[in-house]
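Now for the letters of each chain:
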Amino acid sequence: MKYISTRGQCAPVDFETAVMTGLAPDGGLFLPDRIPDVSDKLEKWSRLAYPDLACEIFRLFCGIPRAELKRIIEKSYSAFSHPAIAPLKRFDNLYLLELFHGPTLAFKDFALQFLGNLFEYFLRRSGKELNLVAATSGDTGSAAIAGVKGKKNIRIFVLFPFGRVSPAQELQMTTVLDKNVCCLAVRGSFDDCQNIVKSLLSDLNFRSEFSLGAVNSINWARILAQVVYYFYAYFQVRSLSGQERVSFAVPTGNFGDIFAGYFARRMGLPVARLVLATNRNRILADFFEKGVYERGMVRQTLSPSMDIQVASNFERYLYYRLGKDPAKVRGIMAKFARDGKFTLRDMGLKTRDKLFVAASADTPATLSEIRRCWRENNYVLDPHTAVGVHAAGNFLSGREPMICLATAHPAKFENAVKRALGRDFSRCREQVLHPALEALKKKKTRRFVLPADVDKVKSFIIAGVNDS
Ligand SMILES: *Cc1c(COP(=O)(O)O)cnc(C)c1O
């Protein structure tokens, strides 16, 4: 399998290059040059354990020998605390897919445990080293750090917006004292962090001199890892409900997780609808509802991992939506860079994509969803999952089951849960606390505060790399 850029201005590369470089040299995102149709494999795959299913799917996309791949996968998912890896909870016709049993209690562990082990495997073979730079609104950073801490030949620099990640998220990053890990608190928004990372990665001289790499959700291997649980959830729900088609509701920020669902559907998974759920940062919801993609100000919400305006993975979707025409992708991305906006009509399209529906939840809706779910099901949602469940509620039908991705454990967002449950909080305390997080509160921390300035960050990285 070869990988091409959404912008079509560089030669196709192999899986290793796509994974090790992250962003394509022409500024585009990597995608496989064709999508395998797996419809005829669904029966065979339906009873596989999670790691075996992952192995079957990954095999289609990367040339790693089976035994090696199996070892990488087993290592990645052995760090999960639940035997099912991605267990399912059922509340009538709504299912929750719990994706928070990895080491940092959010779904990003699915991709970043795998990615860390892939990096290690490729670097061991090539003898090279890699300096990762990542922007995080909270969960990516800690998951990326957990994926690479202590690994040889890898350093990681994580940029997060100062004061805008939850205390638990910050502790999960700053309590890791391994020498190859460096946390940068940037005085700015997540988008500032992401822009700094993008501009570091697009400085080709700097990037090759310092062997920079990306772990952000633009990395193809992350999407690939996330494709697996759409299949896994489908098989479980199909056998529970007897229905052949299912819908998914996905709390969305960078369009990575939901793109994996879109991709699974293109591989032949019978997905009826994808419900795109956002908080008040509605840019993606507006695109699917109104056909307008327009950058706005980032608002802070209770679901900080979704406080994003410009969704870096959206370009992958645009590529398919624009008939796999890289010239059109370049055109629309240039228009967006210029005007901060484009419409369906600018894309030359008349109708919206019926696969997607969208809804958003503001703060009161998020809080009341957490309360409602606690009262009705005795189950505590984290605020991101609450946004998803709220959105799913608009599109429940008697026809197909709805699976909402539960993207984080509520312990990561204790304050939001407290605010939602008020006096009831003490009654669900056991459910909300998590021993792994409690243990962090006593640990030493390390972080560096920097202004939102590319050159300052660059000098910091240069010093860090030369230092060790
Ligand atoms: C990252 C994250 C999201 C958003 O995922 P995207 O792939 O960026 O759309 C949602 N919920 C949680 C808890 C997250 O960490």
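Residues numbered from 1 in each chain as written. Predicted model: local features only at pLDDT ≥ 70, side-chain atom pairs only at ≥ 80, totals over all residues. Heavy atoms only, no water.

A. Representation of the pattern of salt bridges. Scanning all chains against the criterion turns up 27 salt bridges. When the shortest N-O distance is used, the salt bridge between Arg66 and Glu56 registers 2.5 Å. Taken as a pair, Arg66 in helix α4 (residues 66-77) and Glu56 in helix α3 (residues 50-59) lie far apart in primary sequence, ten residues in all. Across the pair Lys441 and Glu438 runs a salt bridge whose closest N-O atoms are separated by 3.1 Å. Its relative accessible area of 28% is what places Glu438 among the partly exposed residues. Several salt bridges share partner residues, and in doing so they unite Arg282, Asp286, Glu289 and Lys290 into one network. (Salt bridge = Lys/Arg side-chain N within 4 Å of Asp/Glu carboxyl O. Helix = DSSP H or I, 4+ residues; strand = E, 2+ residues; numbered from the N terminus. Buried < 20%, exposed > 50% of the residue type's maximum accessible area, 1.4 Å probe, protein only.)

B. Expanded view of helix α18 (residues 425-432). Here α18 has its buried residues at Phe425, Cys428 and Val432. Projected down its long axis, α18 carries its buried residues within an arc of 80 degrees, all on one side. Seen from the open side of α18, the exposed residues pointing more than 90 degrees away from its buried face are Ser426, Arg427 and Glu430. For α18, the secondary structure elements touched by its buried residues are α15 (363-377) and α17 (414-421). (Arc of directions from axis to C-beta. Contact = heavy atoms within 4.5 Å.)

C. Here's a closer look at the sheet that holds strand β5 (residues 130-135). Taken together, the five strands give an open sheet; going across it, the order is β8-β5-β6-β7-β15, and neighbouring strands pair in parallel fashion. At either end of the open sheet lies a strand with only one pairing partner, and these are β8 (212-214) and β15 (448-451). The sheet shows a mean angle of 30 degrees between the axes of neighbouring strands, taken without regard to direction. Bridge count between β5 and strand β6 (residues 154-161): six bridges; the pairing is parallel. Bridged to Asn131 within β6 is Arg155. Along the sheet face, helix α20 (residues 454-467) touches β5, β6, β7 (181-187) and β15 and points at about 145 degrees away from the line of β15. (Pairing = 2+ DSSP bridges. Axes fitted to C-alpha atoms, helices over the stretch in contact; angles between N-to-C directions.)

D. Spatial organisation of helix α10 (residues 220-241). Look at α10: 32 Å from first C-alpha to last across 22 residues, which is about the 32 Å you get at 1.5 Å a residue. Counted residue by residue, α10 has 18 buried out of 22 residues, so it is predominantly covered. The residue sitting at the N-terminus of α10 and contributing the capping side-chain oxygen is Asn219; that oxygen lies 3.0 Å from the backbone nitrogen of Ala221. Phi turns positive one or two residues past the end of α10, at Gly242, with a value near 75 degrees. (Expected span 1.5 Å × (residues − 1). Polar contact = N/O pair within 3.5 Å; in protein donor to acceptor, adjacent residues only side chain to side chain.)

E. How the structure looks around the site of the ligand. Around the ligand sit 15 residues in total, of which Lys108, Asp139, Gly253, Asn254 and Thr407 are the nearest. Interatomic distance of 2.8 Å between a backbone N/O atom of Gly253 and an oxygen atom of the ligand. Relative to its free-state accessible area of 380 Å², the ligand is covered by the protein chains to the extent of 98%. Its residues assigned to classes, the shell around the ligand shows five nonpolar, seven polar and three charged. (Near = heavy atom within 4 Å. Areas by Shrake-Rupley, 256 points an atom, 1.4 Å probe, with all protein chains shown as cover. Nonpolar A, V, L, I, M, F, W, Y, C, P; charged D, E, K, R; others polar.)

F. Broad picture of the packing of aromatic side chains. Scanning the entire structure with this criterion turns up 46 aromatic pairs. Relative to Phe231, the ring of Trp45 has its centre 5.8 Å away and its plane inclined at 70 degrees; by these criteria the two rings are edge-to-face. Remark: Phe231 occurs in helix α10 and Trp45 occurs in helix α2 (residues 42-45); sequence separation between them is 186 residues. Accessibility expressed as a relative area gives 0% for Phe231, which makes it buried. Sitting above the plane of the Phe162 ring, Arg187 keeps its charged end 4.5 Å from the centroid. One residue, Lys458, lies across the ring of Phe206, its end atom 4.9 Å from the ring centre. (Phe/Tyr/Trp six-rings, centres within 6.5 Å; stacked < 30°, edge-to-face > 60°. Lys NZ or Arg CZ within 6 Å of the ring centre and 35° of its normal.)

G. Structural context of the pairing of strand β13 (residues 356-360). The buried fraction of β13 is high, at four of five residues. With five bridges joining them, strand β10 (residues 271-278) and β13 adopt parallel strand pairing. Each bridged residue has a counterpart across the sheet, and for Ala277 the counterpart in β13 is Ala359.

H. Fine view of the sheet that holds β10. Sheet architecture is open: six strands sit in the order β3-β4-β14-β9-β10-β13, paired in mixed fashion. Looking along the sheet, the strands with just one partner apiece sit at the ends: β3 (88-91) and β13. Each strand of the sheet is rotated relative to its neighbour by a mean of 25 degrees, with strand direction disregarded. Two strands pair when backbone bridges link them, and strand β4 (residues 94-98) and strand β14 (residues 402-406) are joined in this way by five bridges, in the parallel orientation. If you follow Tyr95 over to β14, its bridge partner there is Ile403. Seen against the sheet, helix α11 (residues 256-266) touches β9 (246-251), β10, β13 and β14 and runs at an angle of roughly 170 degrees to β10.

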